[in-house]
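For reference, the chains in residue letters:
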Amino acid sequence: MPKKLTFIIPVLSFLLFILVMIKFYNGDDIKNQNSNLTIKGIAFSGDTSSVTLGRYKETVIAYVNTSCNVCEEEIKDLLKIGDSTNIEVLILSTENYMDLKNNIHRKEQSKNLQILSISSEVAKKFNFNEYPHFLFYKNGILVKEHKGKINAPVYIKNIFG
């Protein structure tokens, strides 16, 4: 067998393997039905390499855009909630991560708060189509979904007690 073929065949086999893995691993681990929340294996852009949900009994996911005036107000409340309660808060946006973090004026993540950039494909899977969009989970189960302005501290107190 020619030397070129002995090199090319393993390289092509490896590339084929990678393509097959990409095809079968396309983010289908994302589930947002009306029952349980599962987020694993998503390539988020952020300070952490992975997102672990379920560390707390209550989770708030907020889909925002920092150019949205209503979102800016909601973000301020969510930052306080994430810093001062045992409620897990995820702030998601399709904006570039560094722009998002700079616009939120956040230097670091807290243990209960994560600011994450998601792809438009992930946003579509969650049916995020307007700002702000909130998902409220208790024990991994979606208990409330809301689109539009809310008073986050009051809303969260009514949902989670």
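The structure this text deals with has already been given above.
Here the structure is a predicted model, which means the values were calculated and not measured.

1. Examining the overall build of the protein
Looking only at helices and strands, the protein features 5 helices and 7 strands. When the elements of the protein are put in sequence order from the N terminus, they spell out α-β-β-β-α-β-α-β-α-β-β-α. Evaluated residue by residue, the protein yields a buried proportion of 40% over its 161 residues. Once local pairs closer than 6 in sequence are excluded, the contacts in the protein between residues at least 24 apart make up 64%. Summing over all exposed atoms, the protein offers an accessible surface of approximately 9,700 Å²; the carbon and sulfur share of this is 56%.

2. Let's talk about the pairing of strand 6 (residues 133–138)
Burial analysis of strand 6 places 5 of its 6 residues in the buried class, the great majority of the element. As defined by bridge partners, strand 6 adjoins strand 7 (residues 141–147) across 6 bridges and the pair is classed as antiparallel. The residue bridging Phe 136 from the neighbouring strand is Lys 144, located in strand 7. Counting the residues between successive antiparallel strands, the hairpin from strand 6 to strand 7 contains 2 residues, one of them, Asn 139, with a positive phi of roughly 55°.

3. Observations concerning the sheet that holds strand 6
Read from one edge of the open sheet, 5 strands run 5-4-3-6-7, paired in mixed fashion. Edge positions in the sheet fall to strand 5 (113–117) and strand 7, since each has one partner strand and no second. Adjacent strand axes in the sheet meet at a mean angle of 15°, parallel and antiparallel pairs treated alike. Relative to strand 5, strand 4 (residues 88–93) runs parallel, the two sharing 5 bridges. Within the sheet, the bridge partner assigned to Ile 91 lies in strand 5 and is Ile 115. The strands touched by helix 2 (residues 69–84) are strand 3 (58–63), strand 4, strand 5 and strand 6; relative to strand 4, the strand with the most contacts, the crossing angle is about 145°. Lying on the sheet, helix 3 (residues 97–104) is in contact with strand 4 and strand 5; it crosses strand 5 at an angle near 135°.

4. Brief notes about the environment of Lys 111
For Lys 111, the position within the fold is in the loop between helix 3 and strand 5. Owing to a relative accessible area of 56%, Lys 111 belongs among the exposed residues under this scheme. Sequence-wise, Lys 111 and Asn 86 are 25 residues apart; in three dimensions their C-alpha atoms are separated by 9.1 Å.

5. Things to note about the pattern of salt bridges
Enumeration over the complete set of coordinates arrives at 1 salt bridge. For Lys 149, the salt bridge identified is with Glu 73, shortest N-O distance 2.8 Å. One end of the pair, Lys 149, is in the loop between strand 7 and helix 5 (152–160); the other, Glu 73, is in helix 2, with 76 residues separating them in the sequence.

So, how was this worked out
Residues numbered from 1 in each chain as written. Predicted model: local features only at pLDDT ≥ 70, side-chain atom pairs only at ≥ 80, totals over all residues. Heavy atoms only, no water. Helix = DSSP H or I, 4+ residues; strand = E, 2+ residues; numbered from the N terminus. Buried < 20%, exposed > 50% of the residue type's maximum accessible area, 1.4 Å probe, protein only. Contact = heavy atoms within 4.5 Å. Areas by Shrake-Rupley, 256 points an atom, 1.4 Å probe, with all protein chains shown as cover. Pairing = 2+ DSSP bridges. Axes fitted to C-alpha atoms, helices over the stretch in contact; angles between N-to-C directions. Salt bridge = Lys/Arg side-chain N within 4 Å of Asp/Glu carboxyl O.

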